[in-house]
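A structural walkthrough
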Amino acid sequence: MITANTIEVKVQKISKSRINELDFEHLTFGKIFSDHLFVVDYNNNQWGNAQQLPYGPVPMSPSTSALHYGQAIFEGMKAYKNDKGEVSLFRPFDNNKRINISADRMCMPGIPKEYFIEGLKQLVHMDKDWVPTADGASLYLRPFIIGTDEFIGVKPSDTYKFYIITSPGGAYYNKPVKVLVETNFIRAVEGGVGFVKASGNYGRSLYPTKLAQQRGYDQIIWTDARNHRYLEESGTMNLMFVIDDVLITAPLGDTILAGITRDSVLTLARDWKVKVQERKISIDEVIDAHKNGTLQEAFGTGTAATIAHISTIGFEGKDYVLPGIEGQMFSQRVAKELEDIRKGRAEDIHNWMYKIA
Ligand SMILES: *Cc1c(COP(=O)(O)O)cnc(C)c1O
């Protein structure tokens, strides 16, 4: 039994670490999980019974409410090891805030920071050998909350579990992506749940994405639900354009997920006196800019890849090819700065790194 700042965590250690099975040279995303998980229960209107347990299957009744009605929300974040071997999380308090916004919208209890932050800290501390050191590599962290009532009536669950599982990942290969502007299916609509990380948002995106992939694209650009003119997000990333030296991205609202990478990129841009506009941007404007040669860059931002360069935008049967990657680009500069901050090579003026081990 160890006592954290404010919570007590029961610890059951794995009898033999599985880390020797891990090939650090060839890490794939999201398939291998570190030795331990963190779990807290919600019962009688409060969180308690925090435990660190060996990672493994969890027993669950087939009537568990999350499986039927989707009270399931998650976060995606990473732990990085810097050049000195110190392990830090990137802006974890922002993920805590965001999961609680998701929780409100999905009629679920939020998770207090004692559990969210302490859980991450203690779990990553215990499994710190699983944090890869190579450039671009990290330990992916997946906190999530699910409704656990054994009841198939449609109502908010009375009981929940908050889990954290972690998975080591290699440097994300930032292959430029071909994206298709989606004008039939929708991801999000005003009054909906596009702004929350709710599981159902991802399930619903698979079919349209599969159709786009069958046509040779990697990802979809989601457009507004009413007119399919305004460009909202790309896959599970926020979407940005550089047109005539101005960085443009959709404003936050019901239909946009408030990406922490998005906010970090905008913050650095403002630091660097790059002109930033958070406003609606239509496909017509992007095509015009492409025609008159002012469309300089398009990219997605998110925790998984940080920056995903867009090489081609498909719209109404036509492919618009963007300029290739070169070092002077804003997206390349910002990707490097974020990596440097994470590796302790650039000054962390915004205090984004939260050292835990
Ligand atoms: C998670 C997510 C993002 C990116 O958020 P980050 O905090 O930057 O990882 C963007 N769009 C959607 C739909 C997402 O689920």
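Every value quoted in this text rests on a predicted model; they were computed, and no experiment measured them.

**Let's talk about the packing of helix H2 (residues 92–105) against helix H3 (residues 113–126)**
Two measures define how a pair of helices packs: the angle their axes make with one another and the distance between the axes. For the pair H2 and H3, the least separation of the axes is 10 Å and the interaxial angle reads 135°. Compared by their axis directions, H2 and H3 come out oblique. Here the hand of the crossing between H2 and H3 comes out right-handed. Between H2, through Pro92, Phe93, Asn95, Asn96 and Ile99, and H3, the contact on the second element is made entirely by Lys113, Phe116, Ile117 and Leu120. Looking at the contact of H2 with H3 residue by residue, the classes come out as six nonpolar, two polar and one charged.

**As for the site of the ligand**
Taken together, 14 residues sit near the ligand, with Lys197, Tyr202, Glu233, Thr261 and Thr303 positioned nearest. Within the backbone of Thr236, a nitrogen or oxygen atom sits 3.4 Å from a nitrogen atom of the ligand. One of the backbone nitrogen or oxygen atoms of Ile260 is found 2.8 Å away from an oxygen atom of the ligand. Relative to its unbound accessible area of 390 Å², the ligand is 96% covered by the protein chains. Of all the secondary-structure elements, those providing two or more residues to the shell around the ligand are strand E13 (237–243) and helix H6 (260–271).

**Regarding the domain arrangement of the chain**
Assigned domains of the chain: these are domain 1 (2–170) and domain 2 (177–342). Taken over C-alpha atoms, the centre of domain 1 sits 28 Å from the centre of domain 2. At the junction of the two partners, domain 1 supplies 21 residues and domain 2 supplies 20 residues. Summing both sides of the interface, domain 1 and domain 2 together bury roughly 1,800 Å²; the carbon and sulfur share of this comes to 60%. In this assembly, domain 1 and domain 2 are joined by one salt bridge. The closest approach of N and O atoms between Arg91 and Asp263, which form a salt bridge, is 2.8 Å. Along the contact surface separating domain 1 from domain 2 lie 11 residue pairs in polar contact (both at pLDDT 80 or more). If you list the elements that add at least two residues to the side of domain 1 that touches domain 2, you get strand E5 (72–74), strand E6 (77–81) and H2. With six residues, the single largest contributor to the side of domain 1 that touches domain 2 is H2. Considered class by class, the residues forming the side of domain 1 that touches domain 2 number nine nonpolar, five polar and seven charged.

**Some remarks on H3**
Its 14 residues place the ends of H3 19 Å apart at the C-alpha level, agreeing with the 20 Å of an ideal helix rising 1.5 Å per residue. Looking only at H3, the buried set comprises Tyr115, Phe116, Ile117, Glu118, Gly119, Leu120, Gln122, Leu123 and Val124.

**Description of the environment of Thr303**
Within the element layout of this structure, Thr303 appears in the loop between strand E16 (295–302) and strand E17 (306–315). Here the alpha-carbon distance between Thr303 and Gly235, two residues 68 residues apart in the chain, equals 13 Å. Leave out the neighbours within four places in its chain, and Thr303 touches Gly76, Met77, Lys78, Tyr140 and Thr261.

**Some details on the side chain of Asn82**
Mapped onto the fold, Asn82 is located in the loop between E6 and strand E7 (87–90). Look at Asn82 and you get buried, because its relative accessible area is 13%. Excluding anything up to four places from it in sequence, Asn82 contacts Arg342, Lys343 and Gly344.

**As for the nonpolar core**
Among the nonpolar cores identified, the biggest contains 38 residues, and Phe38, Trp47, Ile145 and Phe162 are the most heavily contacted of them. Sorting the residues of this core by element identifies strand E3 (36–43), strand E4 (46–54), E6, E7, H2, H3, strand E8 (138–147) and strand E9 (160–169) as the ones contributing at least two each. Sort the elements by how many residues they give to this core and H3 lands first, with six residues. Both domains that furnish three or more residues to this core are identified here as domain 1 (2–170) and domain 2 (177–342). Not counting chain neighbours up to four residues away, the residues in contact with Phe162 comprise Phe38, Val39, Val40, Trp47, Ile99, Ile111, Tyr115, Phe116, Pro143, Phe144 and Ile145. Ranked by size, the runner-up nonpolar core spans 22 residues in total, among them Ile281, Ala289, Ala298 and Leu322.

**Quick look at the environment of Pro323**
Here Pro323 lies in the loop between strand E18 (318–321) and helix H8 (330–342). Judged by its relative accessible area of 37%, Pro323 falls in the partly exposed class. Distance from Pro323 to Val246, taken between C-alpha atoms, is 16 Å for residues 77 residues apart in sequence. In this structure Pro323 touches Leu295, Gln296, His309 and Met329, once residues within four positions along its chain are discounted.

Conventions adopted
For every chain, the first residue of its written sequence is number 1, and the numbers climb from 1 along that sequence. Thresholds applied to this predicted model are a pLDDT of at least 70 for local features of residues and 80 or more for the giving and counting of side-chain atom pairs; totals over whole chains, interfaces and linings are not thresholded and use all residues. Side-chain numbers come from the whole structure's heavy atoms, not from hydrogens or water. Axis lines are fitted through C-alpha atoms, for helices just across the contact stretch, and the angle between N-to-C directions can take any value from 0 to 180 degrees. Numbering goes from the N terminus for both helices and strands, where a helix is a DSSP run of H or I of at least four residues and a strand is a run of E of at least two. When describing relative orientation, an angle under 35 degrees is termed roughly parallel and one over 145 degrees roughly antiparallel, while 65 to 115 degrees is termed roughly perpendicular and anything else oblique. Crossings are sorted by hand: turned counterclockwise from the far helix by less than a right angle, the near helix makes the crossing left-handed, and turned clockwise it makes it right-handed. Residue contacts are counted whenever heavy atoms from the two residues lie within 4.5 Å of one another. For this classification, the nonpolar set comprises Ala, Val, Leu, Ile, Met, Phe, Trp, Tyr, Cys and Pro, the charged set comprises Asp, Glu, Lys and Arg, and every other residue, Gly included, is treated as polar. Residues are labelled near a given molecule or strand when at least one of their non-hydrogen atoms is within 4 Å of it. For the purposes of these results, a polar contact is taken to be a pair of N or O atoms within 3.5 Å, where, inside protein, one atom must be able to donate a hydrogen and its partner to accept one; residues adjacent in sequence count only when each atom of the pair is a side-chain atom. Computed by Shrake-Rupley with a 1.4 Å probe, the accessible areas treat only the displayed protein chains as cover when residues are assessed. An automatic or database domain assignment is the source of the domain bounds shown. Two parts lose some accessible area (1.4 Å probe) when they are put together, and adding that loss for both gives the buried area. Salt bridges are counted wherever a side-chain nitrogen of Lys or Arg sits within 4 Å of a carboxyl oxygen of Asp or Glu. Helix span, expected: 1.5 Å multiplied by one less than the number of residues in the helix. Exposure is judged per residue with a 1.4 Å probe applied to protein chains only, and the accessible area is read against the type maximum: over 50% gives exposed, under 20% gives buried, and values in between give partly exposed. Each nonpolar core is a collection of buried residues, namely Ala, Val, Leu, Ile, Met, Phe, Trp, Tyr and Cys, held together in the definition by side-chain atoms within 4.5 Å.

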